[in-house]
Each structure stands twice: as C-alpha cells, then as structure tokens.
Amino acid sequence: MNTLKLNNLNLSNPIIIAILGTGFKRDIAFLVDGSDSTRRGFPEIRDFLYNIITNVNVGIDNDRISIIQYSNVAVANFYFNSFLRKEDVLNAVKVLSHKGGRPLNTGFALQYVKEHIFISASGSRHKEGTPQILILLTSGKSRDRISEAAFALKKNGVIIYGIGGKYSDSDELQTISSENNVLSLADFSELPKIQVQLLEAMKSNPSYNKTELIGKCNTNYIKGYVLCSPISLFHVCFIAEGDRKRRDVVFLLDGSDGSRNGFLAMKEFVQRMVEKLEVAENRDHVSVVQYSRDPEAHFYLNTYKTKEEILDSVRGLRHKGGRPLYTGGALQYVIDNVFTASSGSRRLEGVPQILVLLSGGRSFDSIEAAASSLKELGILTFGIGSRGSDSRELQRISYDPNYALSVSDFSELPNVQEQLLASVKTVSIPITPTSQTVTADYFTPRKDIVFLLDGSDGTRNSFPAMRDFVQRVVERHTIEANRDRVSVVQYSREAEVHFYLNSYTTKEEVLDRVRGLRHKGGRPLYTGAALQYVRDNVFTAPSGSRRLEGVPQILILLSGGRSFDSVEAAASSLKELGVLTFGIGSRGSDSRELQRISYDPNYALSVSDFSELPNVQEQLLASVQAVAMPITPTSPTLTADDAIPRKDVVFLLDGSDGTRNTFPAMRDFVQRVVEQFNIEANRDRVSVVQYSRDAEVNFYLNTYATKREVLNTVRGLRHRGGRPLNTGAALQYVRDNVFTASAGSRKQEGVPQILILLSGGRSSDNIDTPASSLKESGILIFGIGTRNSSREVQRIANDPTYAQPVNELSDLPSVQQQFISSLNNVLVQVKPMTPTVAAERRMARRDVVFLLDGSDGTRSSFPAMRDFVERMVERLNVSEKRDHVSVVQYSRDPEAHFYLNTYSRKEDVLDTLRGLRHKGGRPLNTGAALQYVRDSVFTASSGSRLVEGVPQLLILLSGGKSFDNVDTPASSLKELGVLIFAIGSRISDSRELQKISNEPSYALSVSDFADLPSVQQQLLTNIDTVFVEGTSITTTTIAEGRRQRRDVVFLLDGSDATRNGFPAMKEFVQRMVEKLEVAENRDHVSVVQYSRDPEAHFYLNTYKTKEEILDSVRGLRHKGGRPLYTGAALQYVIDSVFTASSGSRRLEGVPQILVLLSGGRSFDSVEAAASSLKELGILTFGIGSRGSDSRELQRISYDPNYALSVSDFSELPNVQEQLLASVKAVLIPLTPTSQTVTGL
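Residues numbered from 1 in each chain as written. Predicted model: local features only at pLDDT ≥ 70, side-chain atom pairs only at ≥ 80, totals over all residues. Heavy atoms only, no water.

1. Observations concerning the overall build of the chain
- Regarding its fold elements, the chain presents 40 helices and 40 strands.
- For the chain, the proportion of its 1240 residues judged to be buried stands at 58%.
- Accessible surface computed for the chain: about 49300 Å², of which carbon and sulfur atoms make up 44%. (Helix = DSSP H or I, 4+ residues; strand = E, 2+ residues; numbered from the N terminus. Buried < 20%, exposed > 50% of the residue type's maximum accessible area, 1.4 Å probe, protein only. Areas by Shrake-Rupley, 256 points an atom, 1.4 Å probe, with all protein chains shown as cover.)

Laid out in structure tokens, this is it:
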C-alpha cells in the first residue's frame, strides 16, 4: 500500500493527483497602484499586465481577468465578465490610462475588490470552486489600515500576490500577501524580470488558502500538483481520520431473479458495512434500495438514526425478484428520490454522498445519463459485480473506473469488503458546502427551458430520437415550481404548444407528457413564425415565464430543414428579449440559418442525423450551464451599444457656484462621451440639464437630431451659477420634465433611459425620494462625484458600482475610459424594455372579480363554470401583495361568496371555489348584479385597491339575456376604471355582452359552458394585451396629462391654539400652490379652515387660475375659536367639498387629496370620518406640530407614512419637499386607468 506523507498527515491510497495545466481555470484580478507616484512607471506596469495576460489561457471556461486601479479610491477598469476573449482583454489593456490621485489607500482598495470584484455579479466563479487570485502592484506605503481587508480576502479564499516598488513597506506587503507570495523591485522597469517567477508561482499554488478555508487542514502542495478528492479539483483536501464525521451512504441492491441465490450474501455484506460505520444523527446516515424492473426504497437516509434500527431493518430484507434488470432506471431513481434533502441527503451541507451498487447482471436499459448525473452531483459511486455482470458497465457507472470491484460470486463479498471500506474512508472527506456548485443548478437554481421541435413531414422518421433527446435533457434538470420549468412546442406550417412552462411542476409529469408526444406532420417548415410564436405565447408571464424575475430564458430548437419563411425578425426579437437560443440541426438544415437564430453562432450545433443527438447532448448541457446565469431583475431597460440601436441619455450637470472653475472639464467630458454615441432621430438622443438651486434644460432629447448639432451646443454651454445645490429637486425635475414623451423620451417604445449625473458637492435637499422615483420608472442612473459628493452619488446611482469617484471634477479625463467601460459593461448585461415588459411588471397586482350567472338556466353547466374559475385562479399569483380574487353569483339577486380581502392565499380561494354550489332562481338581472359589484365589491372596505392604482378586472359569465337594463351600471363600472370581460353561451345576447364589456373584442362566446377551456387562453391573452397597452402608458407619461389633474383641499386648524402659527401655515399653502399647475383641466384647489365649526374659504370650482387662488390665500385671516373638532371638519369636507357640485372630479378618476394641518388633539372622534375618506379613495396627508396627537394623525392619514410632524409650524418648509414627493409618488398609479387601459 502506498502512503504519501504531507506535513505529518498520513494518507493511505491517495485517489487523485491532478496535474495542473491548461485544464484548470482561475479568476485573476490585478490591483494596480494608479496614484500620482506611478505616473512615470505606468507604461511599464501596463506592459507587464499585457505580457502576463498573454501567457494565461483566457476564456469563458478558462481564466478570467479583471483590472482595478486605485489611489485614494478604487476604480474597476473592467470586471471578470467584461471580456471573455483574450484579444478583447489585451485590447482593453492597451488603452489603459493612468488614474492619478493621492493619497494611497491600499486598505480601501482591498476592501473594494472584496465587495465589488470577487463577487458573482462581476463574473467571479468563487462559488464554483474556481481559484481566486489577486495580484497587487503598489509603489508605496498605504495611508489607511490594510490588515482587516487583507484578512477578509484571505478568509474568503483569495490568494494574494504582492509586488512592491522601492518605496513599498515590506512588512505591509507580507501582511497583505498570502504565504511567501511577495516580490520586490527596485523600480517598475524591472517588472519583466519577475514575470516568469509570478507565472510559475501561480501554477504551483493555484487553489484557495486551505488553512484558512477549512481550518484543520495543513497539507502543502507538491509543486505542479494538488492532492484532491474526486469531488472538486480545488479547495478540497484530505482530512485526518478523526475529521471524517459525516457520510450519506446508499446501498443499491440487485433484487432481480438472477440474484436470488446471492441475495443472502448481499444482505450480510450490507450488515457488515453498516457495523463499520458510525451511525448517528450528526454522523453517518444509511439508506437501502432494491431493484429489478422497478426500484423500491426499503428505508431512506432520514428513516433511522441508530445503527440498531438499520441492522434490524436489513436483517428483515426479502428478495424482491422480477425481471429484466433496469440499472439505469434504478440509478436515476436514487438521484431523484434518495439523494434529496427531503429524503435526508445532506449534500448541500457538504456531507459526502456515497452510493454502493451491487449488481449481478448486465442492465437492460442505458446507464449513461444517470451515471453521468451522479458524477455531476458529486456522488461517489462504487460498483461491485459478480461473474454475470458487465465489468465495463460497472466501470462506467462508478465515479472512477478504479472504484469498480468484482467477485466471482456474491458469497465472496467479504474478500472485497476491506478494500471498499478503505476506499470509502479515503475519499469520503467532508466537502465544503460548495459541492452544490458541481451542477448548473447552483448557479442557475431556476431556468425556464422551451423545446421547439421540427414536426414537419421531413422529420417523421427521426422524431423518436428528438423525443428521447428531450427526455434525457429533462432528466438532467430539477423540475419544480420554484426551480426549473419546461415547455415543449412542435411546429411545421403552424406551431402547437404541447404544454406551457407552468403546466407541470414535477419531473414525472413532464416526462410522462414527453413520452406521449406524437409527430405533428405538415409542410412547409415555417421556423420564423414558430420562433415568433414562442416569443409571443410561451415566453410570457401568463404561460409561466419568470423572465421579469431574472430567471434565465432558454430556447432549444431542433430543426431538420431550411425554413420557408424569414427567421431574422423573430430571432432578433428573441435576442432583444434576452432569450438564449440554442439551435441543433441535421444534414438537411441550413447551418448559417441556425447560427443566425442562435443567441451566439457558437450555440449552433449540428449532427448528420437526429439519431446522433446523444453525441452533442453533453456539449449542449455544458453550454447551457455556462451561459444561463441568473439575470438581475431590477434593470429590465437596457442593452449594449452594439446590441441595441437606441438610447435616451440625459446629462445632469452641477452648475452651482462651487463648480465654476471645473465646468470646462465637465463640458469636455460630455463632449467626449457624446462622441461615443450614434446620434440620429431614430438612434441615440441626448439632453443636457444644468442645475444649482433650480434646474434648467439646455436642450431636450428631441431638440437635435444630429451629433454635430449636439456637440456644437455642448461646446457653447456656459456655467449657470447659483446656490444652494438642490440635487434632489433636479432629479425630480428631469423625471417630470425631461424623461417625458413631449421632451423626446421614447420610454414607451422600450428605449433605454439613462441619466448621467456629474455632481461637485453635497445636496442641500433630500435626494432619496426622487432617486427612488427615477429608478422605479426604469431609468438607469450613473454618476461621477467628487470627494465631497461621492457617497451621495453612490446612493443616487442604481448600484454603487455605477458611481465613479474623482478628487475634483477637473480629474474627469482620468476616469473617462473607465466610466465608458463601466457603462458598456452594465448595458451588456441587460435588455431593452419593450412595452410588454413594462406592462407585465405593472401587472404584479390585480383585483379580479368573477361574476357568475347562477340562474336556473345554468344549473347543468355550473360545474364547468366553476372549473373555469379554478383554472383561471391557478394562473394568478394570489397573495396579500399580488393578486386578489372575489366571486359573486347572481340570478334575481347577487350574492358575494367571498370578497377581495377575504383570502390572501391561492389554496384558500381554490378550496372555497371547489365547494361552490349553484344558486338558482330567476329572472336573470345582470344589470343589478353589475351595480352590486360596483357598489359592494369594488370598494376599499371589500379589499379593492383601486385608489392604489391596482388594475380592477371583472369577468362575467352569463348564460342568458338580462331582464333588466345593463347600460347604466356597465357605464358606471367603466367610469370607475373597471375592465370588464364577458363570456356568453349560445343563449346569451352577444350585443348585450359587447355593450357590457369595455370593448366589443373583450366579449367572447362559446356554444356551451363546457367549451370554456377553448377560450381560456384567448381571455388571458386579451387581459395581457390590455395591460400592455394601458399600463405602459399609465406608468410612463406621468407629466403628459393624466398626472396633471388633481383636486387638492387644504384643511387648516384655525383654533385659538394656532394663532401664532397661522401665518406660517398660510405661507406653506402658498408655496404648495406655486408647485401645482392650476387650470380648468389641470389642478383644482380648495381651502377650508376649522376650529369648532369648519368654514370653506373657496371650493374646488371657485377659481381657475393660480393667481386668483394665491390672492385669496394671501387674504386669509385666522378664524379662532375652540374646542378643536377635527372629526366634524373631516366629515364636512366629505359632504361639502369633495362633491361634484363643489368641483370634485372624483368620478372622472381625478386623484383627490386632502392636506390637513392640525396643531392639537381633536375633541371629537375622528375614526368614522377618516374611514369614510379612505373608502372614497381620498388620499389624506396629516401634518402636526408638537401639540398634536401623532397617533391620531396616523389614523386620519390614508397611510401612517403620510403623517408628518414638525416641532412648530414655522418649520413647515422642512417637510414641504417630502410632502410633494409623497404626493407625486402616490399619484402616479392614481390616473384614470379605466379609459387609458381600454383605449376608450
């Protein structure tokens, strides 16, 4: 027996000694001193980087490179995932410009690379076990502390090499670097001398620092080799016997007819093996499975917790019998049913997974796919066979061919028992919890995969091979509702969905459906139409796509011939949507066509015949694993320059007194960035806004259509001047006045919206609310700040990495290239927002009411109606903060089974639906039922969220003509903003249903309600289409009309206690009115004062101009009186001000706002009036002083967050911006959506 001794640790039978060569991969980050002191030596540093990178193997599955420069702050020149080809990395290195700046903050830079570089979002593969290497080049001693950041990096497994110049501190470099990884130079001109030394060092020390990562492992590396377990070539080392505390061991026993005589020996073998294990809850776990034609688990890994229980169970095992022997099926069974968390597997905790197979014959099914899956999962399989077994088959099944053992007869099993135990003990070391990274599931725990199969006449003979291929690929995925989802579509002349992404939630269901697939047939082959079909009908939220949640979308196309229609537009559309398309063709296919269809030409594969699909299966799975990384769902609006032809870019420049000297540098920066754009009317558009106290547009997005015009205007920009610096107001200004359709924004068309902020100082006003508002609108914010403003700019930007710091704005040239690279890097990762995206994102919440005809005429068809509602609910996302559902049944009278706020779980809704009974009765009064749902269901007290802007849907199922009038209640519902869809049977009046529906096309018909399934998808499509049209408009044209109408009532405390504060209250109202747009068709204002009694100074329809209102407010006199009856005053504004006769436009969908200023606690009850205000949808904001009751104000306000407080009314200016921002934030969804959504 060979023994290898390392650091006093004896290891028997080392299993693998892996030669490190071109097969391994690393993430290598260069952290370069870019301070003023390296300015002269920077060309040598750049050449050194170029030469090192030339000598490593750069690629998506090989080495990845990142470069960061630092001085006082750190800036990434590019990330690990910025460039995945060596030539691209080298090109970027060639144009690196020196950063400059001081002092040298190495500690800050180390912390920066920990938080922003060695992370998955930046392309780091640390979770995959890929070695993380940091090479630091520094010229001097750091001005800040380095020990904590260096320790944190090393603790995370990053290997650090330190290269220092003559002024570097050697002790500091030793502290930063990993063991003996320090190189020193007299001058950076000597860098070429250490190039070979560094490359060799990286080869001989490629993995994590194991002492720090594992703690108890002190093994060293043999130069050029690393001792490792078969689980992972990296960061797993052998651990002494005492540390091998936990294993999950599964015995898979051949119980077929051929093993009847040997079964007793197999059973005794298992008993002896179990005797040698340390069975306990936190130690070894055991499972036994027996199989022949079908597998059967005798007990699972979590069934027994003591050795005695297991041994008792094993002793009682009986031979199963049966034939033939399906070993492949049994292996797949243990993957799917035994090595799972629910069955007690601790794989995700890093516990070694061991399978011991005892097989007495050759398998009658294929074992390849299951054996491969076991290896990918990191399960160590040992195969033991007898003379009737196929030794090669056992070797292929085993994790390593050496793990396959053989006996002439199972009675000889004791002869190999010790050998097996030794092997198990040698390899079954604790795996770090990253073992889950062996599979693609770790990186992409969720995928949506659609198979698009050529079902034309030309593939009739090869269709079984295509079907088998789909089965094998599905077998390799984890099919669950919250993991992988699968859909299959077949096409020839037309496309046909076999099942959608949300049709099935288990692997068994999917596989059963795939096995039953039949060839479609037909001709010609319209691949273009099929691609468009899956884009429009399968990669959508109603069909189960989770694209908006950031789940990777994958399309696998199998095509046996050339398309008879054009594929270009549909393929391009899929790419823009972010769908990763893989194309597989046979000899009859057009390889160039497949390359054009595929997301990348390399994703197009080819076989001579589809029977050869197994030959490309692993290649396809590897490619899917490599590219299907989770997409960040927060930025659905952008793509890269070369992938998207259009961008709307707004520059927001600090023009305050503090930037007078640096304004030329800002102007030059804008010019250089604009030079990078392709400015045309239908390509990129640019706007420039300057601000100090107020914002001023230099030109809008639609002012100029050529780059020359833009550059000429930018060159002529003059500094604005002024103070203070109100960045928050400026952000709100560009949101309301520049990112609008009238100003040239093409947001509604899905064009990415980008804001680039250059700020030289700290803002004097609040920036958080307007920044959040911009981000919620889908605007991507990049920023550059100085030492005075960099932290604030990071808060404003969508992500802190989108903010670049400089010492002064005059340093902008030093970060220009980094900024453009960062911008492009971000744009590469996200996709343009189409109107569909906008709509689907807004469809996150819906209030859906089903109104069912329960009259005598529908008695026999009521079960079909009930089933239809169940299926519809299944497609909704029912939860407290998502979709709400109500069901109402009617005949002569309506009856609510449950309201919108009755249930907040889908299960509860479905349970109630299943128990619904037919109401019965006559005649059919549909008009009364419509009026009932308007008055009693679509209300705040019944759970309607209409006033929050949540879409209101009514789905009517009616089996006959109404006996009463439907026109008035239908119109009333539409005015309220309810979207009505109607479905009738042959007895219904189709014209009546069309009148009830918002649009005639929303009225559907079936011959009998048993046919409802035939229109379900059409109904869902109609709903989807409506929201595509409506919600995108509602959420984008904020300043274009509908958000410009408000009814605002100020209710002022005029009691004796506010005599001194009344002038401040009056001035506050004046300032608020100044911010409104008062006109007949815009904002209306009313002012009411109260103490014991309320008094209206003027109503909402009294004045039509801002000047008249301001004149009246200036003339207000304090009312006086006591006590303070706030409850009565609130009731007064309900009864006398928020009414049509007083000018309220509530029934037109105009937002109703009440601003209450109260200086004391009310002497009467406020509860009833406050509740009435909320039910009417009036948004009440309460502002109180120190004498007020804060809890009372919160109860009065529409939302507790709408209650504000000041110590004295003289401080009202401090909350004015906050109030305005809150008003604007809640008004966005409060537009009259009923008319815009339906297009009426």
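2. Side note on the sheet that holds strand β27 (residues 779–785)
- Read from one edge of the open sheet, six strands run β25-β24-β23-β26-β27-β28, paired in mixed fashion. Taken across any chain shown, the strands that pair with only one partner, and hence form the sheet edges, are β25 (695–699) and β28 (803–805). Averaged over all pairs of adjacent strands, the angle between strand axes in this sheet comes to 20°, irrespective of strand direction.
- For strand β23 (residues 647–654) and strand β26 (residues 753–759), the ladder comprises six bridges, and the chain directions are parallel. (Pairing = 2+ DSSP bridges. Axes fitted to C-alpha atoms, helices over the stretch in contact; angles between N-to-C directions.)

3. Quick look at the pattern of salt bridges
- Under the defined criterion, the tally for this structure stands at 61 salt bridges.
- A salt bridge links E895 to K919; the shortest N-O distance between them is 3.8 Å. Residue E895 is found in strand β31 (residues 894–898), and its partner K919 is found in the loop between α29 (906–914) and α30 (926–937); the two are separated by 24 residues along the sequence.
- Of the residues examined, K919 reaches a relative accessible area of 31% and is grouped as partly exposed.
- K995 is the salt-bridge partner of D967, the closest N and O atoms lying 3.6 Å from each other. Taken together, the residues D967 in helix α31 (residues 967–976) and K995 in helix α32 (residues 990–996) connect sequence positions 28 residues apart.
- Classification of D967 as partly exposed rests on a relative accessible area of 33%.
- On the accessibility criterion, K995 (47% relative accessible area) is partly exposed.
- Within this structure, D36, R39 and R102 form a network of salt bridges that share partners. (Salt bridge = Lys/Arg side-chain N within 4 Å of Asp/Glu carboxyl O.)

4. What to know about the sheet that holds strand β33 (residues 978–984)
- In space, the six strands of this open sheet follow the order β31-β30-β29-β32-β33-β34, with mixed pairing throughout. Each edge of the sheet is formed by a strand with only one pairing partner; in this case those strands are β31 and β34 (1003–1005). This sheet shows a mean twist of 20° between the axes of neighbouring strands, independent of strand direction.
- In terms of strand pairing, strand β29 (residues 847–853) meets strand β32 (residues 952–958) through six bridges, oriented parallel. From the neighbouring strand, L851 faces β32, where its bridge partner is L956.
- Seen against the sheet, α30 touches β29, β30 (884–890), β31 and β32 and runs at an angle of roughly 145° to β30.
- Strands in contact with α31 are β32 and β33; relative to β33, the strand with the most contacts, it is inclined by about 135°. (Contact = heavy atoms within 4.5 Å.)

5. What about unusual backbone geometry?
- The step from R323 to P324 runs through a cis peptide bond, and the omega angle for that step is 0°.
- Note the cis peptide between R723 and P724, where omega equals 0°.
- Within the fold, P724 resides in the loop between α22 (707–715) and α23 (727–737).

6. Quick look at the nonpolar core
- Core analysis: the biggest nonpolar cluster contains 55 residues, and F651, L652, L653, V734 and L755 have the highest contact counts within it.
- Element by element, the count of residues in this core is highest for helix α21 (residues 663–675), at six residues.
- In contact with F651, not counting residues within four places along its chain, are V670, V673, V674, F677, V686, S687, V688, V689 and I756. (Core = buried A, V, L, I, M, F, W, Y, C linked by side-chain atoms within 4.5 Å.)

7. Here's the deal with the pairing of strand β12 (residues 284–291)
- With eight of eight residues buried, β12 lies mostly within the body of the structure.
- Neither face of β12 is exposed, since D284, V286, V288 and Q290 on one face and H285, S287, V289 and Y291 on the opposite face are all buried.
- The sheet contact formed by strand β11 (residues 247–254) and β12 spans eight bridges and is parallel. Bridge pairing in β12 links R247 to D284.
- In this region the chain leaves β11, passes through helix α8 (residues 263–276) and returns to the parallel neighbour β12; the handedness of that crossover is right-handed.
- Bridge count between β12 and strand β13 (residues 295–299): four bridges; the pairing is antiparallel. Residue pairing for β13: Q290 is matched across the bridge by E296.
- The loop that links β12 with its antiparallel partner β13 comprises three residues. (Right-handed = clockwise from strand over helix to strand, strands pointing away.)

8. Re the packing of aromatic side chains
- Throughout the structure, instances matching the rule amount to 14 aromatic pairs.
- Between F582 and Y603 the ring centres are 4.7 Å apart and the planes differ by 25°, which places this aromatic pair in the stacked class. Here the residue F582 occupies a position in strand β21 (residues 579–585), and Y603 occupies one in the loop between α19 (591–597) and β22 (604–606), the gap between them amounting to 21 residues.
- Look at F582 and you get buried, because its relative accessible area is 1%.
- On the basis of relative accessibility, which here comes to 16%, the residue Y603 falls in the buried class.
- For the pair Y1198 and Y1202, a centre-to-centre distance of 6.4 Å together with 15° between the ring planes defines the contact as stacked. (Phe/Tyr/Trp six-rings, centres within 6.5 Å; stacked < 30°, edge-to-face > 60°.)

9. Quick notes on the side chain of T527
- Structurally, T527 can be placed in helix α17 (residues 527–537).
- The buried category is assigned to T527, whose relative accessible area is 1%.

10. Concerning helix α37 (residues 1167–1175)
- Within the sequence span of α37, burial applies to A1169, A1170 and L1173. One face of α37 carries all of its buried residues, which in axial projection span an arc of 100°.
- At its buried positions, α37 is contacted by α36 (1126–1137), β38 (1152–1158), β39 (1179–1184) and α38 (1190–1196).
- G1177 sits one or two positions beyond α37 and adopts a positive phi of about 80°. (Arc of directions from axis to C-beta.)

11. Quick look at the packing of α30 against α31
- Between α30 and α31, the shortest axis-to-axis distance is 8 Å and the interhelical angle comes to 25°. Of the possible angle classes, the one that applies to α30 and α31 is roughly parallel. Considering only the axes of α30 and α31, their crossing is left-handed. Here G927, L930, Q931, V933 and R934 of α30 lie close against α31, whose contacting residues are P969, A970, S972, L973 and L976.
- A per-class count over the contact of α30 with α31 returns six nonpolar, three polar and one charged. (Parallel < 35°, antiparallel > 145°, perpendicular 65-115°, else oblique. Left-handed = near helix turned anticlockwise from the far one by under 90°. Nonpolar A, V, L, I, M, F, W, Y, C, P; charged D, E, K, R; others polar.)

12. Here we look at helix α24 (residues 768–776)
- Every buried residue of α24 is listed here: P770, A771, S773 and L774. Projected down its long axis, α24 carries its buried residues within an arc of 160°, all on one side.
- Where the residues of α24 are buried, they touch α23, β26, β27 and α25 (790–796).
- A positive phi of about 85° marks G778, the residue just after α24.

13. What to know about the environment of K1066
- Within the element layout of this structure, K1066 appears in helix α34 (residues 1062–1075).
- K1066 has contacts with V1113, R1114 and L1116, leaving out every residue within four places of it along the chain.

On their own, these measurements won't tell you what the molecule is for.
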